[in-house]
Amino acid sequence: MALKGKDILSLREMSAEDMETILSTARSLKEILSRPIKKVPTLRGKVVCTLFYEASTRTRTSFELAAKYMSADTVSIAPSGSSVQKGETLADTARNLEVMGVDVVIMRHSVSGSCHFLAKVLDCPVVNAGDGMHEHPTQGLLDIFTILEYKSKIRGLKVAILGDVFHSRVARSNIWGLTKMGAEVAVAGPSTLLPPSIENLGVKAFNRVEDAIEGADVVYSLRLQLERQTKSLFPSKREYHDMFGLTKRRLALAKEDALIMHPGPMNRGVEISTDVADSPRSVILDQVTSGVAVRMAILYLILGGRE
Amino acid sequence: MSGDLFIRNGRVIDPLSGRDEIAGVLVRDGKIAAVGCGIDGGAAPVIDATGKVVMPGLIDLHVHLREPGFEEKEDIESGTAAAAMGGFTAVACMPNTEPPVDNDAMVTSLLKRAREVGRVRVYPIGAVTKRRAGKELAEMGEMKAAGAVAFSDDGSPVATSEVLRCALEYLKSFGATLIDHPEELSLSEGGQINRGLVSTIAGFRGIPAEAETIAVFRDIAIARLTRGRLHLTHLSTKESLDLVRQAKSLGLEITCDVTPHHLTLTEDAVLETAYDTNTKVNPPLRSKADVEALKNALADGTVDAIATDHAPHHVDDKWVEFDYAENGISGLETSVSLILDKLVRPGVISYLRMAELMSLNPAKILGVEGGTLRERAPADITIIDPDFEHSVNPRQFLSKGKNTPFEGWRLTGAAWATIVGGEVRMKDRKLTS
């Protein structure tokens, strides 16, 4: 049941079979999270390192808990308080960690392609926890896992991904993953936030979010990445919410049992209104739970699941 | 006697006369003495060029030798060694050194270093503006008198239309060419690779073709206004070449070059190499349609020259995350092989056109000697082995810059000998001491 290749870098490069393997492994491991004593010895003696060059609450905690629930030891490196601030290169930092015996490096970085670079630097496996505007493959997998829990299939589902697609690694991973598994994906947002030739990835693209939401089984709101807005891509948060935000009125166009998703952290009242985010159809917190299960599966398959 | 040679039985190519025939080339006192069949070499040392192609020495009008200031990337000694190995008898070096070449003393000192350690001719290009800052004109007249052959703020475009206008007007007094790097910085800022599907997949802010086209349009407009001599370097888009074609048809004195890498690679290389920073270059690798347009423009005469934009970098500048990597490709030692394998062998261009693009026209654009094998021309000669099969190995580069996206490419054809002023600087793929 081993995965192809040593690393988890992108869903573009991951086969549908490997995605299925991870998802089914996550399904059986998820049960551990509801035990009174959340600990199995599977990865005892393994060391999982998170190397996060960008801020993170969910992803980092999720990976660390996933490792701890399986008895791996964890170390986490962040730019502040490390040699990174003294100008050490990524390659040097990572190789130093590797020779101390780290078994897998999970990295988040603001530059696209950095995990591919790290995979060339290191012999040990690398897991992409989000690189620039490129991909966030474990997020894509946990989103698919969450959808499967409610809809029990992906093929044929209509998924609307709304908002800042341009800067979103979450959108890219979801597009690759969902289309590989047979979903019909539509993206929508202002033209300035839709990347060029996005239709070539096998999705429909709209400027009116209503067009994407119409009849959707899943409505996925993306975080407006305010920290990456270096140019005037939209005039104001107010106008953004008015024209492109996920509101109750717009949501009414989706199927009645449509799921509402968001990768977090949310800008409430900007890309998603609070009543939608907190509505009974919101599975935003389920996504977070799924994240732990999916990451347990990935660590298990990378570190323990090999012959 | 030194400077005497007889090159026998090679296929002699001279774009000035249109000669393409098996012939001998006799060199006396560092100059071409005779070319033809049935020439008697007398006592001159013989080079047997049977099966080889003999061309006027190749001239690269756009290289970065990095000296002074960035000697960890390249210096005049290593850069000219790389040039000799790559089949170039002369290189024109860009002024974006530290300090930049923006005064006559810098030009003089570069030429002195080149005489001391250079393996091939070095033609300094002076900065257009002081410190390349785009504000005040540099002392281009003094630099020209000291030996600068052309002027450029390369690395950056000439900053404003007014500075470009003044520079082109002023240079008319000296008959020198201004070489511009066309880039509209407000469009390219923050971009890492060409804008399009690949930048969308790879997750980069893209550099649109229009960042170049707009600058080319501006430059042509100012050239029309001033009737100055403008050379546009490393053009990479279809639209740029359409604009140059149109400008030439209006009779403007505009020339342009393209690089070997923009002729042979597309933006796809970024993903195919899993973000190898050796594919990061400015202007970026473009689309398949652009590459085809460049090739057509080579064949139809729109492109005047092939230049490497040899941009050597230290491994520390490239073995980093993509955004943090420097732009550029070390090109001197792969140029001839790429052109032979990817353009001459498939019949996109002939040997005559290759010699025109890489020797005759660069000499004309820079206003320097060379570019021909006619009698009394300097005996700058490149001999090519069209059958030499090899695989590109940057560890064997003589350039300090090992940064190439062509590592491992199997190529047929290479420079076999480089002769400068009748002196053999490289023969049989080895430098002569």
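Residues numbered from 1 in each chain as written. Chains lettered and ligands numbered in written order. Predicted model: local features only at pLDDT ≥ 70, side-chain atom pairs only at ≥ 80, totals over all residues. Heavy atoms only, no water.

On to the overall build of chain B. Scanning chain B for helices and strands turns up 14 helices and 19 strands. Over its C-alpha atoms chain B spans a radius of gyration of 20 Å, differing by no more than 12% from the 22 Å that the globule rule assigns to 433 residues. Summarising its shape, the C-alpha atoms of chain B cover approximately 65 × 50 × 45 Å along the three principal directions. Restricting to contacts in chain B with at least 6 residues of sequence separation, those with at least 24 account for 74%. For chain B, the exposed surface amounts to about 15300 Å²; the carbon and sulfur share of it is 49%. When the 48 basic and 62 acidic side-chain charges of chain B are each reduced to a single mean position, those positions are 3 Å apart. (Helix = DSSP H or I, 4+ residues; strand = E, 2+ residues; numbered from the N terminus. Rg over C-alpha atoms; globule rule 2.2 N^0.38 Å. Contact = heavy atoms within 4.5 Å. Areas by Shrake-Rupley, 256 points an atom, 1.4 Å probe, with all protein chains shown as cover. Lys, Arg positive; Asp, Glu negative; His and termini not counted. Charge placed at Lys NZ, Arg CZ, Asp CG, Glu CD.)

Summing up its helical and strand segments, chain A has eleven helices and nine strands in all. For chain A, whose C-alpha radius of gyration is 19 Å, the value lies close to the compact-globule estimate of 19 Å for 307 residues. Taking the principal axes of the C-alpha coordinates as reference, chain A spans close to 55 × 40 × 35 Å. Looking at chain A as a whole, 61% of its 307 residues are labelled buried. Carbon and sulfur atoms make up 51% of the accessible area of chain A, which totals about 12200 Å². Positive and negative charge centroids in chain A, built from 39 and 35 side chains respectively, lie 2 Å apart. (Buried < 20%, exposed > 50% of the residue type's maximum accessible area, 1.4 Å probe, protein only.)

Residues and elements named next belong to chain B. One pass over the structure, following the stated rule, counts 36 salt bridges over all chains. In this structure, Arg 28 engages Asp 4 in a salt bridge whose closest nitrogen and oxygen atoms are separated by 3.6 Å. Taken together, the residues span a long stretch of sequence, with Arg 28 in strand S2 (residues 19-28) and Asp 4 in the segment before strand S1 (5-14) at a distance of 24 residues. A relative accessible area of 38% places Arg 28 in the partly exposed class. Close ionic contact of Glu 407 with Arg 395 constitutes a salt bridge, the shortest N to O distance being 3.3 Å. Pair noted here: Glu 407 is in the loop between strand S16 (381-391) and strand S17 (410-420) and Arg 395 is in the loop between S16 and S17, with a separation of twelve residues, a long-range link. (Salt bridge = Lys/Arg side-chain N within 4 Å of Asp/Glu carboxyl O.)

With that settled, consider the packing of aromatic side chains. Residue and element names in this part refer to chain A. Summed over the entire model, instances satisfying the criterion amount to eight aromatic pairs over all chains. Both rings, one in Phe 234 and one in Tyr 240, keep their centres 5.3 Å apart while their planes meet at 50°; by these two values the pair is tilted. Here Phe 234 and Tyr 240 have matching classes, each one buried. In this structure an aromatic cluster arises from ring pairing among Phe 234, Tyr 240 and Phe 244. Across from the ring centre of Phe 63, 4.8 Å away, lies the NZ or CZ of Arg 295, which sits over that ring. (Phe/Tyr/Trp six-rings, centres within 6.5 Å; stacked < 30°, edge-to-face > 60°. Lys NZ or Arg CZ within 6 Å of the ring centre and 35° of its normal.)

With a probe scaled to a water molecule rolled over the atoms, the places where space remains empty come into view. Residue and element names in this part refer to chain B. All told, the structure shown has three cavities of 30 Å³ or more when counted by the stated rule. Its boundaries defined by the atoms lining it, the largest cavity holds a volume of some 40 Å³. Forming the boundary of the largest cavity are His 181, Pro 182, Glu 183, Ile 207, Ala 211, Glu 212, Asn 282, Pro 283 and Arg 286. (1 Å grid on protein atoms, 1.4 Å probe; cavity = no way out; pocket = protein on both sides within 12 Å on 5 of 7 lines; lining within 4 Å. Points joined across faces, edges and corners; volume = space filled by probe spheres on them.)

Residue and element names in this part refer to chain B. Spatially, eight strands are ordered S6-S7-S8-S9-S10-S13-S14-S15 in an open sheet, and the strand pairing comes out parallel. In this open sheet, the two edge strands, each paired with only one partner strand, are strand S6 (58-63) and strand S15 (305-306). Sheet topology note: the strand S7 (residues 88-93)/strand S8 (residues 121-126) ladder contains four bridges and is parallel. Note that in S8 the partner of Ala 90 across the bridge is Arg 121. Along the sheet, helix H4 (residues 161-172) contacts strand S9 (150-151), strand S10 (177-180) and strand S13 (230-232); its crossing angle with S10, the most-contacted strand, is approximately 150°. (Pairing = 2+ DSSP bridges. Axes fitted to C-alpha atoms, helices over the stretch in contact; angles between N-to-C directions.)

Moving on, we get to the nonpolar core. All names here are of chain A. The biggest cluster of nonpolar side chains holds 75 residues, and the ones touching the most others in it are Ile 22, Ile 106, Ile 161, Met 296 and Leu 299. When residues in this core are grouped by element, the largest group, ten residues, is from helix H11 (residues 284-304). Look past the residues within four positions of Leu 299 in its chain and what remains in contact with it is Leu 43, Val 48, Phe 63, Ala 66, Ala 67, Met 70, Val 104, Ile 106 and Gly 304. (Core = buried A, V, L, I, M, F, W, Y, C linked by side-chain atoms within 4.5 Å.)

Here the focus is the pairing of S8(B). Residue and element names in this part refer to chain B. Of all six residues making up S8, five are buried, and the element is well covered by its neighbours. Where S8 meets S9, two bridges bridge the pair, whose relative direction is parallel. Considered in S9, the bridge of Ile 125 is made with Ala 150. What joins S8 to S9 is helix H3 (residues 140-146), and the crossover it makes is right-handed. (Right-handed = clockwise from strand over helix to strand, strands pointing away.)

Another aspect to go through is unusual backbone geometry. The step from Gly264(A) to Pro265(A) runs through a cis peptide bond, and the omega angle for that step is -10°. Relative to the assigned elements, Pro265(A) resides in the loop between strand S9 (259-261) and helix H10 (274-277). Of the consecutive residues Glu98(B) and Pro99(B), the connecting peptide bond is found in the cis state with omega at 0°. With respect to the helices and strands, Pro99(B) occurs in the loop between S7 and helix H2 (104-117). For Asn9(B), which is not a glycine, the phi torsion comes out positive at approximately 65°. Along the polypeptide, Asn9(B) turns up in strand S1. Judged by relative accessible area, which is 31%, Asn9(B) ranks as partly exposed.

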